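Residue-level structure breakdown
Single-letter residue listing:
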Amino acid sequence: MELGRVTGTVVATTIYEGLEGARLLIVQPLDRHLKPRGNPVVAADGVAMAAPDDLVAVVASREASLALPPPPGPVDHAIVAIVDAVEEWSR
Amino acid sequence: MKIGRVAGTVVATICSSALEGRRLLFVDLLDPTGKPTGSDLIAVDSVGAGAGELVLILDEGNGARQVLQAPDAPVRAVVVGIVDEIEMNG
């Protein structure tokens, strides 16, 4: 899982049937200090409650399809948690 | 599997059902000599790993689901061990 921030939404009315109904959000991956890292991805919302600017945890590859209600749709990234806080242990 | 150091925890009250009640650990990945590789990940804890501990991470879905005993958990990274020591060839 990776940390990310919801930065947008994707609307696609013409879409593969397996993806119909999936909320598609643009997520910018973040590092531990919440700095952007790497390219944004379009992730399906596996908790169906992520809102703009939410901090989220995103899972990739096959696990992403497991995050959606069955039958698992063909997605490669999915939001599996809305992150309230990242508690860092300073050494 | 990978080696990492627990850098913190991720608190998430709203999450996929398979993650409920599980500790999410923020882990910095290390190379075998203990140097940070610069990448990190969030892993589900299965051994009670604590702050700053050196841990063993399984980063593969089928194994993760076996460890968590949850056949449809959307999880790939799981902390499966706490590393006491690493010995490299002399």
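Everything here concerns the structure above.
Below or above, wherever it landed, is the structure these notes cover. (Residues numbered from 1 in each chain as written. Chains lettered and ligands numbered in written order. Predicted model: local features only at pLDDT ≥ 70, side-chain atom pairs only at ≥ 80, totals over all residues. Heavy atoms only, no water.)

**Some thoughts on the side chain of Arg32 of chain A**
What counts, and what does not: Strands are runs of DSSP state E lasting at least 2 residues, helices are runs of H or I lasting at least 4, and numbering of each runs from the N terminus. Residues adjacent in sequence count toward polar contacts only when both atoms are side-chain atoms; beyond that, a polar contact is any pair of N or O atoms within 3.5 Å, and within protein one must be able to donate a hydrogen and the other to accept it.
Counting through the fold element by element, Arg32 of chain A comes out in the loop between strand 2 (24–30) and strand 3 (41–45). Of the polar contacts made by the side chain of Arg32 of chain A, one reaches the side chain of Asp28 of chain B; its length is 2.6 Å.

**Considerations on the pattern of salt bridges**
Rules: Whenever Lys or Arg places a side-chain nitrogen within 4 Å of a carboxyl oxygen from Asp or Glu, that contact is recorded as a salt bridge. Remark: exposure states derive from per-residue accessible area (1.4 Å probe, protein chains only) relative to the maximum for the residue type, with buried under 20%, exposed over 50%, and partly exposed in between.
Counted according to the given criterion, the structure contains 10 salt bridges over all chains. One salt bridge connects Arg37 of chain A with Glu2 of chain A, and the closest N-O pair in it is separated by 3.4 Å. Taken together, the positions of Arg37 of chain A in the loop between strand 2 and strand 3 and Glu2 of chain A in strand 1 (residues 2–10) put the pair 35 residues apart, joining distant regions of the chain. Since its relative accessible area comes to 31%, Glu2 of chain A is described here as partly exposed. A salt bridge links Asp28 of chain B to Arg32 of chain A; the nearest nitrogen and oxygen atoms lie 2.6 Å apart. Of this pair, Asp28 of chain B sits in strand 3 (residues 24–30) while Arg32 of chain A sits in the loop between strand 2 and strand 3, which puts the two residues in different chains. There is no split in this pair, since Asp28 of chain B and Arg32 of chain A are both buried. Overlapping salt bridges bring together Glu2 and Arg37 of chain A together with Asp40 of chain B as one network.

**A few points about the interface of chain B and chain A**
One frequently used descriptor of interface size is the decrease in accessible area upon assembly of the parts. We count it as follows: Here, residues are in contact when the closest pair of their heavy atoms is within 4.5 Å. When two parts are put together, the accessible area they lose, computed with a 1.4 Å probe and summed over both, is reported as buried area. Three classes are used, and their members are as follows: Ala, Val, Leu, Ile, Met, Phe, Trp, Tyr, Cys and Pro are nonpolar, Asp, Glu, Lys and Arg are charged, and the others, Gly among them, are polar.
Each partner contributes to the interface: chain B provides 34 residues, whereas chain A provides 26 residues. Contact between chain B and chain A buries roughly 2400 Å² in total, counting both sides, with carbon and sulfur atoms accounting for 59%. Contact with chain A buries surface across chain B, with Ile14, Ile42 and Pro74 of chain B losing the most and accounting together for 23% of the total. Summed over the shared surface of chain B and chain A, the number is three salt bridges. In this structure, Arg37 of chain A engages Asp40 of chain B in a salt bridge whose closest nitrogen and oxygen atoms are separated by 3.1 Å. Ranked by the residues each element gives to the side of chain B that touches chain A, the list is headed by strand 1 (residues 2–11) of chain B, at seven residues. Residue composition of the side of chain B that touches chain A, by class: 17 nonpolar, 10 polar and seven charged.

**Details of the side chain of Asp45 of chain B**
Residues and elements named next belong to chain B. As for its placement among the helices and strands, Asp45 is situated in strand 4 (residues 36–45). A polar contact is formed between the side chain of Asp45 and the backbone nitrogen of Gly48, at a distance of 2.9 Å. Polar side-chain contacts of Asp45 include one of 3.2 Å to the backbone nitrogen of Ala49. Once residues within four sequence positions are removed from consideration, Asp45 is found in contact with Arg23, Leu25 and Val79.

**Here's the deal with the pairing of strand 1 of chain A**
Residues in a regular strand point their side chains to alternate faces of the sheet. Residues and elements named next belong to chain A. Just so we agree on the cut-off: Strands are labelled as partners when DSSP assigns at least two bridges between them.
Pairing between strand 1 and strand 4 (residues 55–60): four bridges, direction antiparallel. Bridge assignment links Gly4 to a residue of strand 4, and that residue is Val56. Here strand 1 runs beside strand 2; their pairing, made up of seven bridges, is antiparallel. Of the residues in strand 2, the one forming a bridge with Val6 is Val27.

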